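Breakdown of the fold
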Amino acid sequence: MKKILCSGVAMLVLAGATLSVQAAEEEFYGVLESRPQTAEGTWVVSGRKLEVTKKTELEEKHGPLVVGACVEVEIEDGLVEEIETKKKEKCAK
């Protein structure tokens, strides 16, 4: 009985660890609604406020990072890692 109980607890702990790792990384597409004049500061993408720092990678592969642009946002451990322009089709509803 102890062996089964320990195995069950271990499985729950591992499942929890997996869930927390998945929650730490996020990617989404959205429309850039606002941004500061400089790169650093608060950006708004599809209603979400994002804090962009000097460590955030900004890529303009499919046009400039201007209001109205379709972008992909990558977040890791709560930090905005990258914002990259994408083709408009990626943001179509």
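Coordinates for the structure precede this section.
Residues numbered from 1 in each chain as written. Predicted model: local features only at pLDDT ≥ 70, side-chain atom pairs only at ≥ 80, totals over all residues. Heavy atoms only, no water.

What follows concerns the state of the cysteines. In protein structure, a disulfide is the covalent linkage between the sulfur atoms of two cysteines. Applying the stated criterion across every chain yields a total of one disulfide. With its sulfur 2.0 Å from that of its partner, Cys70 forms a disulfide with Cys91. An S-S torsion of about 85 degrees defines the bridge between Cys70 and Cys91 as right-handed. Taken as a pair, Cys70 in strand β5 (residues 70–76) and Cys91 in the segment after β6 (79–85) lie far apart in primary sequence, 21 residues in all. With relative accessibility at 2%, the residue Cys70 sits in the buried group. Classification of Cys91 as buried rests on a relative accessible area of 17%. (Disulfide = S-S within 2.5 Å. Helix = DSSP H or I, 4+ residues; strand = E, 2+ residues; numbered from the N terminus. Buried < 20%, exposed > 50% of the residue type's maximum accessible area, 1.4 Å probe, protein only.)

None of the figures reported here should be taken as evidence of function without further support.
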